[in-house]
Amino acid sequence: EFRCRFMKLNIRIMKKLVLLPFLVLISYSSVKAYQTEDLKHSLQELLDNAIEQDSTIPGILLHVEAPDLDLFYSASSGVSDLSTRAPLPENGTARIASNTKTYVAVSVLRLWEQGKLELDDPIIKHISDKHTQILKSDGYDLIKITVRHLLTHTSGLFDHAGSNTYIEKVFADPSYEWTRTEQVQGCVDWGDPLFEPGEQFSYSDTGYILLGEIIENVTEKSLGEAVRELINFKKLDLSATWWEKIEQKPSTAPDRIHQYFREIDTYSFDPSLDLYGGGGLVANAKDMARFYQELFTGNVFEQSSTLDTMITKVSFPEGYAPSSDYRMGIFYFNFNEMDMYSHSGFWSTQATYIPELNASVSIIITQFAKGRLINRLLIETADLLNDH
């Protein structure tokens with residue numbers, strides 16, 4: 001009888017021991033789920049508070065890709081259209097403007113991987129005779145300017161898009177259809193060469209519309225088709241990203257939201273004002289963050305060394321300190337002792353990868369010139385992720 005009781009006791013103990021890991025796992029999962037929901041709530045509060053504190057902002061979109069936290073979250077606050085007051089959908093797409101430059105730089109580096117061009121090729125090798133003659137007429141030495149210089153904004157090209165003349169023309173006739181050639185001509189007409197190639201940094205949309213032309217000439221495809229294939233949008237599941245006007249809007253892409261320049265609704269502005277490589281892509285916050293996450297975790301380039309090339313700090317002559325730390329199609333920052341690789345766009349869009357957190361954050365504010373707020377939201381989001 002004692003032996004029988006002893007065996008039953010052992011069985012009960014063994015059952016508890018077997019169940020213990022499962023109970024611990026269930027408890028851990030419950031805690032993690034609670035923490036995730038708490039984090040989502042905090043992120044939503046960030047957006048809601050920002051809208052409450054700034055009445056000029058119609059809406060804000062945010063997406064976080066944080067696989068180590070098992071967090072893939074989109075949030076929105078505000079309205080999509082001031083005229084209808086329709087709620088802002090969390091998956092709404094927007095013109096991402098200069099965020100496009102990262103995609104263009106990656107596409108050029110993919111062509112480099114494939115041996116179809118060299119980073120130190122003179123650009124005269126890859127651009128049209130027409131554009132060559134326009135640029136030469138203003139004293140640009142197209143033998144000295146290389147693909148690398150265009151990628152790093154060290155070419156010395158004047159920025160056509162940064163001139164007051166261009167901005168005035170765009171707002172005087174928002175429906176005007178610009179050509180790449182007209183914008184290259186604007187580089188020559190509205191400014192002069194800034195410095196010898198490689199000597200300094202100066203941000204230039206003109207350089208990136210030339211990179212767009214180079215991609216087209218090397219691949220013999222439209223810019224939209226070439227970038228889509230070189231980056232492999234399908235593999236990365238970038239189903240809400242397309243090149244406006246050049247491509248048809250994918251059936252999987254949500255509608256484009258309204259973006260504002262002060263009180264002006266820019267929704268119907270012709271996309272050609274920023275289409276040829278300096279900008280041009282439409283995407284939602286989810287796709288923007290996903291692209292950065294895939295890029296920095298090794299799922300875009302064939303070789304890891306290509307990413308190393310892309311994010312290598314640019315060297316300048318001794319004594320010169322650039323105003324920004326721009327690599328190839330991407331800025332480097334350090335906030336709160338965290339490294340960040342990031343790019344922003346004219347219409348208040350930004351995507352950022354944070355290596356320390358293995359996370360990507362994208363933010364779209366539908367009001368022009370909200371870069372300072374974007375940076376604050378980025379830092380607060382990074383702090384929340386770090387705390388979890």
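Residues numbered from 1 in each chain as written. Predicted model: local features only at pLDDT ≥ 70, side-chain atom pairs only at ≥ 80, totals over all residues. Heavy atoms only, no water.

Q: Hey, could you go over the overall build of the protein for me, with residue numbers and the actual values?
A: Within the protein, the secondary structure is distributed over 12 helices and 12 strands. Projected onto the principal axes, the alpha-carbon positions of the protein cover approximately 105 × 50 × 45 Å. Expressed as a percentage of the 388 residues in the protein, the buried residues total 52%. The contacts of the protein with a sequence gap of at least 6 include a subset with a gap of at least 24, amounting to 70%. Accessible surface, the protein as shown: approximately 18,100 Å² in total, 51% of it carbon and sulfur. Taking the 35 positively charged and 54 negatively charged side chains of the protein as two groups, their mean positions are separated by 10 Å. (Helix = DSSP H or I, 4+ residues; strand = E, 2+ residues; numbered from the N terminus. Buried < 20%, exposed > 50% of the residue type's maximum accessible area, 1.4 Å probe, protein only. Contact = heavy atoms within 4.5 Å. Areas by Shrake-Rupley, 256 points an atom, 1.4 Å probe, with all protein chains shown as cover. Lys, Arg positive; Asp, Glu negative; His and termini not counted. Charge placed at Lys NZ, Arg CZ, Asp CG, Glu CD.)

Q: With reference to specific residues and values, describe the sheet that holds strand E11 (residues 349-354).
A: The strand order E3-E2-E1-E12-E11-E10-E9 describes an open sheet built from 7 strands, whose pairing is antiparallel. The sheet terminates laterally at strand E3 (86-87) and strand E9 (331-335), the two strands that pair on one side only. Strand contacts of helix H12 (residues 371-387): strand E1 (59-66), strand E2 (71-81), E9, strand E10 (338-345), E11 and strand E12 (359-365), with the helix running at about 145° to E12, the strand carrying the most contacts. (Pairing = 2+ DSSP bridges. Axes fitted to C-alpha atoms, helices over the stretch in contact; angles between N-to-C directions.)

Q: So what's going on with the nonpolar core? Which residues, and what values?
A: If you look at the biggest cluster of nonpolar residues, it comprises 68 residues, and the most contacted ones within it are Tyr-103, Leu-135, Leu-151, Leu-211, Ile-215, Phe-296 and Met-310. Broken down by element, this core gets its largest block of residues, 7 residues, from helix H2 (residues 100-113). Here Met-310 is in contact with Thr-102, Val-106, Leu-109, Leu-295, Phe-301, Arg-327 and Met-328, once residues within four sequence places are set aside. Formed by 30 residues, the second largest nonpolar core is a distinct cluster that contains Leu-46, Met-338, Val-361 and Leu-385. (Core = buried A, V, L, I, M, F, W, Y, C linked by side-chain atoms within 4.5 Å.)

Q: Go over the pairing of strand E8 (residues 281-284), please, and point to the residues and values.
A: What you see with E8 is no split at all: Leu-281 and Ala-283 on one side and Val-282 and Asn-284 on the other are buried throughout. As paired elements, strand E5 (residues 242-243) and E8 share 2 bridges and run antiparallel to each other. Bridging from a neighbouring strand, Trp-243 pairs with Leu-281 of E8.

Q: Just give me the short version of unusual backbone geometry, but keep the residues and values in it.
A: Backbone geometry at Glu-220 places phi at a positive 60°, although glycine is not the residue there. By the secondary structure assignment, Glu-220 is in the loop between helix H7 (205-219) and helix H8 (223-231).

Q: Any details on the packing of helix H6 (residues 180-189) against H7? Residues and values, ideally.
A: Running from N to C, H6 and H7 point in directions that differ by 140°, and their axes come no closer than 10 Å. Every pair of crossing elements has a handedness; the one defined by H6 and H7 is left-handed. Side by side, H6 and H7 meet where Arg-180, Gln-183, Val-184 and Cys-187 of the first sit next to Thr-206, Ile-209, Leu-210, Gly-212, Glu-213 and Glu-216 of the second. Among the residues making up the contact of H6 with H7, the classes are represented as 4 nonpolar, 3 polar and 3 charged. (Left-handed = near helix turned anticlockwise from the far one by under 90°. Nonpolar A, V, L, I, M, F, W, Y, C, P; charged D, E, K, R; others polar.)

Q: Give me the pattern of salt bridges: which residues, what numbers.
A: Scanning the model with the defined rule gives 19 salt bridges in all. We note a salt bridge from Asp-54 to Lys-370, for which the minimum N-O separation is 2.7 Å. Of this pair, Asp-54 sits in the loop between helix H1 (2-53) and E1 while Lys-370 sits in the loop between E12 and H12, placing them 316 residues apart in sequence. Of the charged contacts, one joins Arg-180 and Glu-216 as a salt bridge, the two residues approaching to 3.0 Å between their closest N and O atoms. Of this pair, Arg-180 sits in helix H6 while Glu-216 sits in helix H7; the two residues are 36 residues apart in sequence, bridging distant segments of the chain. (Salt bridge = Lys/Arg side-chain N within 4 Å of Asp/Glu carboxyl O.)

Q: Requested: an account of the packing of H2 against helix H10 (residues 285-296), with residues and values cited.
A: Contact geometry of H2 with H10 gives a least axis separation of 11 Å together with a crossing angle of 35°. Note on packing geometry: the crossing formed by H2 with H10 is left-handed. Facing Thr-102, Tyr-103 and Val-106 of H2, the residues of H10 in contact are Asp-287, Met-288, Phe-291, Tyr-292 and Leu-295. For the contact of H2 with H10, the per-class residue count stands at 6 nonpolar, 1 polar and 1 charged.

Q: So, H2: which residues are in play, and what are the values?
A: In a regular helix each residue adds 1.5 Å, so 14 residues correspond to 20 Å; H2 covers 20 Å between its end C-alpha atoms and thus fits that length. Within H2, 13 of the 14 residues are buried, which leaves the element mostly enclosed by the surrounding structure. (Expected span 1.5 Å × (residues − 1).)

Q: Explain the side chain of Thr-152 residue by residue, including any values.
A: With respect to the helices, strands and loops of the structure, Thr-152 is situated in helix H4 (residues 147-152). According to the relative accessible area criterion, Thr-152 is buried, its value standing at 4%. Dropping the residues within four chain positions of it, Thr-152 is found in contact with Phe-201, Val-314, Tyr-326, Arg-327 and Met-328.

It is worth stressing that arrangement in space is one thing and function is another; only the former is reported here.
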